[in-house]
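# What the coordinates show
Spelled out, the chains give:
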Amino acid sequence: MLSVKGLKAKVGDKDILKGLDLEVGPGEVHAIMGPNGSGKSTFAHVLSGREGYEVTAGSVDFNGQDLLGLEPEERAQLGLFLAFQYPVELPGVNNTYFLKSAVNAIRKARGDDELDAVSFLRLMKERLKVLHLNDSLLKRPVNFGFSGGEKKRNEIFQMAMLEPKLAILDETDSGLDIDALRIVAAGVNALRGPERSMLVVTHYQRLLDYIKPDYVHVLAQGRIIRSGGKELALELEEKGYSWITDGEAA
Amino acid sequence: MSAATEYDHLVRSEYEHGFVTEIESDTLPPGLDEQVVAAISKRKGEPDWMTDWRLSAYGKWLNMPTPEWAAVQHAPIDFQDISYYSAPKKKEGPKSLDEVDPVLLETYQKLGIPIEEQMALAGIAVDAVFDSVSVATTFRDKLAEAGVIFCSISEAIKDYPELVRKHLGTVVPPTDNFYAGLNSAVFTDGTFVYVPKHTRCPMELSTYFRINTAKTGQFERTLIIADEGSYVSYLEGCTAPQRDDNQLHAAVVELIALEGAEIKYSTVQNWYPGDANGKGGIYNFVTKRGDCRGARSKISWTQVETGSAITWKYPSCILRGDDSVGEFYSVAVTKGRQQADTGTKMIHLGRNTRSTIVSKGISAQHGQQSYRGLVRIAGKAEGARNHTQCDSLLIGDTCAAHTFPYIEVKNPSAKMEHEATTSKISEDQLFYCRSRGLSEEDAVSMIVNGFCKEVFNELPMEFAVEAQKLLSISLEGAVG
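Just so we're clear, the structure is a prediction, and the values are computed from it rather than from any experiment.

## So, the overall build of chain B
- Within chain B, the secondary structure is distributed over 13 helices and 19 strands.
- Taking contacts inside chain B between residues at least 6 apart in sequence as the whole, the part at least 24 apart equals 84%.
- Carbon and sulfur atoms make up 50% of the accessible area of chain B, which totals about 19900 Å².

If you want it as structure tokens, here you go:
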């Protein structure tokens, strides 16, 4: 479903990704771990099409489509979703209205009928239930004045509404206390399914106590230098990144 | 020599100017002098006092300087090159929608305007299209029941001379400013509203219902009087783009709220802004002022301004009555080569008077926008309060926003708050929306509408929906 081959990207003059390879199959959950500055967030942003990154080599295939040639909204319409590390505030834009517009933009692009207000509200209620969330965030402007935990929960709720084929969670655990982390992780787990793959980008192992990955990859110096099962994450927790990165350097 | 006889020769000499009565050619030749002013008055069948009022205004206007202080630029206007009277004759407009500019039609469709209305707006002979007589009749019956007078100012001058004479020019005197002086001399038509004591006007009054009566022309005059304890909401303008052959528009609007009365005045202005270089657009130089004459009265201005090449407009409130309230909510958009110098004045004279100003300016492309606002607290205005919030949003880096707040406080008990922000739509916000599947244009429109929300909340429901659509359409192609 996602096939990344030899991906190189730079920001300004600085090479960040230096030949990254990754294969993600349908329904798989992959964790991308790595020390600060290893290129984790860059990778997430390049996949979702953010401006400011120059891809210099390699390819990204997403269900048979060349992802790199597409606009961010086209990628979203194909089923790619990025849960932001720092969700952006949109003052005055009602959260429900924002979601309805997004859901319908994606439905329209796929040739589905747009949802009317009634069907949309029904869908929203159903998804809130699945995630055990209440609707207190939905009447407020998007992320505006939200706490860190509320912002992340809102990201997961958007994911539930947009039903992506591939969800990228960029440092979703950052800034969350343990209770908020549990709620967010439970939401993510509720959204796992055979049709939905996930890329969980994280610095710490603790998120992976709650979201159990099928595969763990270590990203360092712009490349994936080690891949394994979930036991790799535990090993990293115990020994630190230097255990691998030093080995690599040697 | 009495005033009446002094001007007699002027009135009689109207034919010298080719002022003929045949319907088709009922237009004065370009130029302005006393004879023209008198001819306008005569042509409209006005009483002598009105003619005198106009001529006196004209005399004062001659000695007034053109205002130079606004931050707008345009070539000098030749006031002798304008025709000051064009009667409602059958215009040589398009005969059907096929003859109308397709761009205009496309916009109408995007706004969801019914076909009959589209024809009316495009200047097709409306009476052939509209069954407006019945609409207008039902409407008038209902108002008459409530005792509300709602008619053209020309009719009011004839039918309610006492009311007009007592109030006309008491809020915006002819000497107020250059364009107000000009308007006072040559205004052709406009709207008159009187709401009797303790009456709540049963519906929102809109010029829309008068679309079929006289075309108001470039020098519009509006007078609204809300008597003690009454309420009226008035909607002006139209979201559909309006074209006009007259480049200069200098309207005057006067609102009078007596004790305990409330007037809510909402405007959506979408005059032709000119082509990409600003050529051919409307100059909109308007004087709008409300007088909270009685205690506990309230005047609220809400405006959404997206059109015109140049806008020069400061809807203001004089808070004369104790405990009176003035409000100003504004959204102004400038793009292309549009220039806007707009804002408000809140003059606090009475005790415990309160005012709120919320101004949202949006600039894109080469748009130039200035907020100019005056808050004056007079010495006797014990306990006056003002809150001003003035936000500018920039789209792209070739536009500009300026803020000129003037604050004069002569009473130490006054409380003043002024907040101002200038922001750009951030890359982060755009990317966030796009990563959720929204196109860049939809994202901009959503962010801009969010920015304007506080103002849209003040508009009557239907108007608010239209205003949002209008804003989105106005900003199409303004990004990237």
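Back to the write-up after that little detour.
## Quick notes on the overall build of chain A
- Helices and strands together make up the secondary structure of chain A, namely 9 helices and 10 strands.
- A globule of 250 residues ought to have a C-alpha radius of gyration of about 18 Å, and chain A, at 18 Å, matches this closely.
- In terms of principal-axis extent, the alpha carbons of chain A reach across some 60 × 40 × 35 Å.
- Out of the 250 residues belonging to chain A, those deemed buried represent 52%.

## Quick look at the environment of Lys139(A)
- With respect to the helices and strands, the residue Lys139(A) is situated in the loop between helix 4 (117–130) and helix 5 (148–162).
- Residues Lys139(A) and Ala160(A), spaced 21 residues apart in sequence, show a C-alpha to C-alpha distance of 17 Å.

## Some words on the sheet that holds strand 8 (residues 197–202) of chain A
All names here are of chain A.
- Spatial ordering of the open sheet is given by 6-7-8-3-9-10, a layout of 6 strands whose pairing is mixed. Of all strands in the sheet, those bounded by a partner on one side alone are strand 6 (80–83) and strand 10 (223–228). Pairwise comparison of adjacent strand axes, ignoring direction, gives a mean angle of 20 degrees for this sheet.
- Where strand 7 (residues 166–170) meets strand 8, 5 bridges bridge the pair, whose relative direction is parallel. In the strand pairing of strand 8, Ile 168 is matched with Leu 199.

## Section: the interface of chain A and chain B
- Listed per partner, the contact involves 34 residues of chain A and 18 residues of chain B.
- Of all residues in chain A, Arg50(A), Glu73(A) and Phe98(A) give up the largest surface area on contact with chain B, accounting jointly for 25% of the area buried on that side.
- Connecting chain A to chain B are 5 salt bridges.
- As a salt-bridge pair, Glu51(A) and Arg434(B) come within 3.9 Å of each other at their nearest N and O atoms.
- Where chain A meets chain B, there are 11 residue pairs in polar contact (both at pLDDT 80 or more).
- Where the side of chain A that touches chain B is concerned, the elements lending two or more residues are helix 1 (40–48), helix 2 (72–78), strand 6, helix 3 (95–109) and helix 5 of chain A.

## A word on the sheet that holds strand 1 (residues 2–11) of chain A
Residue and element names in this part refer to chain A.
- Read from one edge of the open sheet, 4 strands run 2-1-4-5, paired in antiparallel fashion. The open sheet has two edge strands with one neighbour each: strand 2 (14–24) and strand 5 (65–66).
- Sheet analysis places strand 4 (residues 54–62) next to strand 5, joined by 2 bridges and oriented antiparallel. Across the sheet, the residue bridging to Asp 61 is Asp 66, located in strand 5.

## Some remarks on the side chain of Asn386(B)
- Assignment of secondary structure puts Asn386(B) in strand 17 (residues 385–395).
- Those residues within four positions of Asn386(B) in sequence are excluded, and the remaining contacts are His348(B), Ser355(B), Ile357(B), Val375(B), Lys415(B), Met416(B) and Glu417(B).

## Let's talk about the pattern of salt bridges
- Within this structure, the stated rule accounts for 27 salt bridges over all chains.
- The salt bridge partner of Lys288(B) is Glu236(B), with a shortest N-O separation of 2.7 Å. Here the residue Lys288(B) occupies a position in strand 9 (residues 283–292), and Glu236(B) occupies one in strand 5 (residues 231–237), the gap between them amounting to 52 residues. Here the two residues Lys288(B) and Glu236(B) agree in accessibility, since each one is buried.
- Lys298(B) is the salt-bridge partner of Glu327(B), the closest N and O atoms lying 3.6 Å from each other. Taken together, the residues Glu327(B) in strand 13 (residues 325–334) and Lys298(B) in strand 10 (residues 298–305) connect sequence positions 29 residues apart.
- Judged by its relative accessible area of 11%, Glu327(B) is buried.
- If you follow the salt bridges from partner to partner, you end up with Glu51(A), Glu71(A), Glu73(A) and Arg434(B) in one network.

## Some words on the packing of helix 4 of chain A against helix 5 of chain A
Residue and element names in this part refer to chain A.
- Interaxial distance between helix 4 and helix 5 falls to 10 Å at its minimum, and their mutual angle equals 125 degrees. Our classification of the angle between helix 4 and helix 5 gives oblique. Considering how the two elements wind past one another, helix 4 and helix 5 form a crossing that is right-handed. Contacts from Phe 120, Leu 123, Met 124, Arg 127 and Leu 128 of helix 4 reach helix 5 at Phe 157, Ala 160 and Met 161.
- Tallied by class, the residues present in the contact of helix 4 with helix 5 amount to 7 nonpolar, no polar and 1 charged.

## What about a positive patch on the surface?
- On the surface, Lys8(A), Lys14(A), Lys18(A) and Arg223(A) cluster together into a positively charged patch.
- By the element assignment, Lys8(A) lies in strand 1.

## A short note on a negative patch on the surface
- Side chains of Asp21(A), Glu23(A), Asp61(A) and Asp66(A) sit close together on the surface and give a patch of like negative charge.
- What makes Asp61(A) partly exposed here is its relative accessible area of 30%.

## Digging into the state of the cysteines
Residues and elements named next belong to chain B.
- For the structure shown, the criterion picks out 0 disulfides over all chains.
- The thiol of Cys 317 is unpaired, and the distance to the nearest cysteine sulfur, on Cys 292, comes to 5.6 Å.
- For Cys 317, a relative accessible area of 0% puts it in the buried group.
- Cys 452 supplies the cysteine sulfur nearest to Cys 399, a cysteine that is in no disulfide, at a spacing of 14 Å.
- Judged by its relative accessible area of 11%, Cys 399 is buried.

## Things to note about the nonpolar core
- Of all hydrophobic cores here, the largest spans 65 residues; its most connected members are Leu2(A), Phe43(A), Ile362(B) and Val448(B).
- It is helix 11 (residues 440–451) of chain B that provides the largest number of residues to this core, a total of 6 residues.
- Beyond its immediate stretch of four places on either side in the chain, Val448(B) contacts Ile362(B), Leu393(B), Ile395(B), Ile425(B), Leu471(B) and Leu475(B).
- Grouped together as the second largest cluster of nonpolar side chains are 50 residues, Tyr58(B), Ile153(B), Val164(B) and Ile225(B) included.

## Quick look at the pairing of strand 8 (residues 262–269) of chain B
All names here are of chain B.
- For strand 8, the buried fraction is high: 7 of the 8 residues fall into the buried class.
- Relative to strand 8, strand 5 is paired through 7 bridges, and the arrangement is parallel. Each residue of the ladder has a partner; that of Gly 237, found in strand 8, is Val 268.
- Bridging between strand 8 and strand 10 involves 8 bridges; their strand directions are parallel. Opposite Ile 263, over in strand 10, you have Ile 299 as the bridge partner.

Reading the values: the criteria
Residues numbered from 1 in each chain as written. Chains lettered and ligands numbered in written order. Predicted model: local features only at pLDDT ≥ 70, side-chain atom pairs only at ≥ 80, totals over all residues. Heavy atoms only, no water. Helix = DSSP H or I, 4+ residues; strand = E, 2+ residues; numbered from the N terminus. Contact = heavy atoms within 4.5 Å. Areas by Shrake-Rupley, 256 points an atom, 1.4 Å probe, with all protein chains shown as cover. Rg over C-alpha atoms; globule rule 2.2 N^0.38 Å. Buried < 20%, exposed > 50% of the residue type's maximum accessible area, 1.4 Å probe, protein only. Pairing = 2+ DSSP bridges. Axes fitted to C-alpha atoms, helices over the stretch in contact; angles between N-to-C directions. Buried area = accessible area lost by both parts, 1.4 Å probe. Salt bridge = Lys/Arg side-chain N within 4 Å of Asp/Glu carboxyl O. Polar contact = N/O pair within 3.5 Å; in protein donor to acceptor, adjacent residues only side chain to side chain. Parallel < 35°, antiparallel > 145°, perpendicular 65-115°, else oblique. Left-handed = near helix turned anticlockwise from the far one by under 90°. Nonpolar A, V, L, I, M, F, W, Y, C, P; charged D, E, K, R; others polar. Patch = residues over 30% accessible without salt bridge, like charges linked within 9 Å, V, L, I, M, F, W, Y side chains within 5 Å. Lys, Arg positive; Asp, Glu negative; His and termini not counted. Charge placed at Lys NZ, Arg CZ, Asp CG, Glu CD. Disulfide = S-S within 2.5 Å. Core = buried A, V, L, I, M, F, W, Y, C linked by side-chain atoms within 4.5 Å.

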